[in-house]
Amino acid sequence: MSAATSQFECDVAILGAGSAGVAAAIGASKAGARTILIERYGFAGGAATNSSVLAYCGLFANTIEARRVVGGAATEVLSSLETLGMDVSPRRIRSTGNWIIPLNPEALKVALDRAAAGSGIEILYRAALCGVATVDGAMRSIDICGDFGVARISARTFIDASGDGNLWHLAGDRTLTGPHKSQPASLPIRVGGIEAGWQESRSAFQAASAIYNAQAPLIRARGNGGVVLEIPGSSELWWMTLDLEADPTDAIGFGQKEIAARDAAWHLVSALKSTGPAFRNANVASTGPQIGVRESRRPATVRRILAEEIITGSIPEDTIALGGWPMEIHHAPGVQEYIPVGGDGVFGIPLDALRVAGIANLLVAGRLIGADSRAFGSIRVMGTAFATGQAAGVYAAHIASSAADIRFQDITRSLSAQGAILAA
Ligand SMILES: Cc1cc2nc3c(=O)[nH]c(=O)nc-3n(C[C@H](O)[C@H](O)[C@H](O)COP(=O)(O)OP(=O)(O)OC[C@H]3O[C@@H](n4cnc5c(N)ncnc54)[C@H](O)[C@@H]3O)c2cc1C
């Protein structure tokens, strides 16, 4: 660990202010813990705001009527979006039957700040993890660095909500859950300059992809034109069609992928401009600030959710959160498969899937929880990340206050009091 210039103490320290981290912080703080949330960007939201992943999935079961399976912190964030004039009613995707809530990234940043502020969380933005101290198999403190220099945060419990397992990695446990091939990344694009009535020429996205792919680029666009959605409260479209293999833990290679993906986005939108009058002024309004990473490090947890449990809609006894999104598996760039949730369209996420094997006071949340490679396709979505984050936060607060004897019912009681949904 490096020499720290400032020191902070808290009960629960959380790395990453994505859906999981924000919900974890709300959960821990409401359960009475002094909570610090650390984020390397200057805003919260994780993939939604840093990779333009602009739809909440997993807040509803894939049933004919939209049935909520995630409440609590997610409900607070949606209410906060509503006060900013955003329509947060769910929309059903015709092709898959899934319910989503489209997002405006700028409104989301404000909504998340407000939701966090309302819960009394201390947020350290523009602070990246740079060191971890462990003693006798338990974490003691972490070092974070930024323009302020290096600061040390001591806590009783830690939550890795970094998506990439950065806290777990620096804690020294590099035992992965087994060899697996990571799902590919994507670079979603925000496209501006679209004329009204563009819906009538929706096939333009497929045509643009074909024109672009004919140039034999290294990063190909999806043959079906990809996902295109209107971004609420703006005149931009969200276009997700560029998939690529990219590993954020590769120090040099990942930057090269960022360069290549940005270049690809530029050429692709140039192709879109040539497809008709509705798109003649199309432009790249924004990419990034980073490639959207679906999967990278996968910490070893005490328990893993298995695909079979999702297929049967199993609700284990130690369920602390619900999932409702099908197993959406990206086998390779441009190749996706959906495997539906069985039973009543929901499955239970067991507490032990949040506990890191070998480090008693480190929990994981969001896309880091224990799951086999197919189940991962379901648990990683942002709606479910809110649910596992809040559960991790509440559990962490209980560990911090009464490590000796924690009763499972106390955790579920706290979660229910916070509006979390635990029963199908
Ligand atoms: C291209 C793509 C499309 C997707 N489409 C959808 C979709 O339509 N709907 C949906 O619900 N889900 C979708 N997903 C999945 C979803 O976005 C992620 O799985 C989800 O965001 C995971 O939430 P999280 O909170 O675990 O992690 P993240 O959202 O990744 O948040 C992690 C946070 O930790 C921060 N962080 C990481 N390391 C550090 C560090 N060292 N120091 C400080 N901060 C750090 C990051 O900056 C980030 O803010 C998609 C994912 C991708 C990549």
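For the structure itself, consult the block above.
Residues numbered from 1 in each chain as written. Predicted model: local features only at pLDDT ≥ 70, side-chain atom pairs only at ≥ 80, totals over all residues. Heavy atoms only, no water.

Remarks on the site of the ligand
So, step 1. In the region of the ligand, 34 residues are neighbours, and E39, A55, N166, R380 and M382 sit closest.
So, step 2. A distance of 3.2 Å is found between a nitrogen atom of the ligand and a backbone nitrogen or oxygen belonging to L129.
So, step 3. Between an oxygen atom of the ligand and a main-chain N or O atom of R367, the distance comes to 3.0 Å.
So, step 4. Look at the ligand: alone it shows 1000 Å² of surface, and the protein chains cover 96% of it.
So, step 5. Residues lining the shell around the ligand come from more than one domain, with at least three contributed by each of domain 1 (6-180 + 296-417) and domain 2 (185-286). (Near = heavy atom within 4 Å. Polar contact = N/O pair within 3.5 Å; in protein donor to acceptor, adjacent residues only side chain to side chain. Areas by Shrake-Rupley, 256 points an atom, 1.4 Å probe, with all protein chains shown as cover. Domains from an automatic or database assignment.)

A closer look at the sheet that holds strand β12 (residues 149-154)
So, step 1. Sheet architecture is open: 4 strands sit in the order β1-β12-β11-β10, paired in mixed fashion. On the outer flanks of this sheet lie β1 (6-9) and β10 (128-135), each paired with one strand and no other. Sheet twist, expressed as the mean angle between neighbouring strand axes with direction ignored, is 25°.
So, step 2. Two elements, strand β11 (residues 138-146) and β12, share 6 bridges in a ladder whose sense is antiparallel. Across the sheet, I144 pairs through a bridge with A151, a residue of β12. (Pairing = 2+ DSSP bridges. Helix = DSSP H or I, 4+ residues; strand = E, 2+ residues; numbered from the N terminus. Axes fitted to C-alpha atoms, helices over the stretch in contact; angles between N-to-C directions.)

Structural notes on the side chain of S51
So, step 1. The topology assignment puts S51 in the loop between α2 (47-50) and β4 (55-57).
So, step 2. For S51, a relative accessible area of 1% gives the class buried.
So, step 3. Setting aside residues no more than four positions away along its own chain, S51 makes contact with G46, P188, G288, Q290, I291 and G292. (Buried < 20%, exposed > 50% of the residue type's maximum accessible area, 1.4 Å probe, protein only. Contact = heavy atoms within 4.5 Å.)

Some remarks on the pattern of salt bridges
So, step 1. Summed over the entire model, instances satisfying the criterion amount to 16 salt bridges.
So, step 2. The partner of R298 in a salt bridge is E295, with the nearest N and O atoms 3.2 Å apart.
So, step 3. Overall, the relative accessible area of 3% leaves E295 in the buried class.
So, step 4. Between E328 and R380 there is a salt bridge whose closest N-O contact spans 3.5 Å. Taken together, the residues span a long stretch of sequence, with E328 in strand β21 (residues 327-332) and R380 in the loop between α9 (376-379) and α10 (382-402) at a distance of 52 residues. Judged on exposure class, the residue E328 and its partner R380 are both buried.
So, step 5. A single network of salt bridges, built from pairs that share partners, joins R407, D410 and R413. (Salt bridge = Lys/Arg side-chain N within 4 Å of Asp/Glu carboxyl O.)

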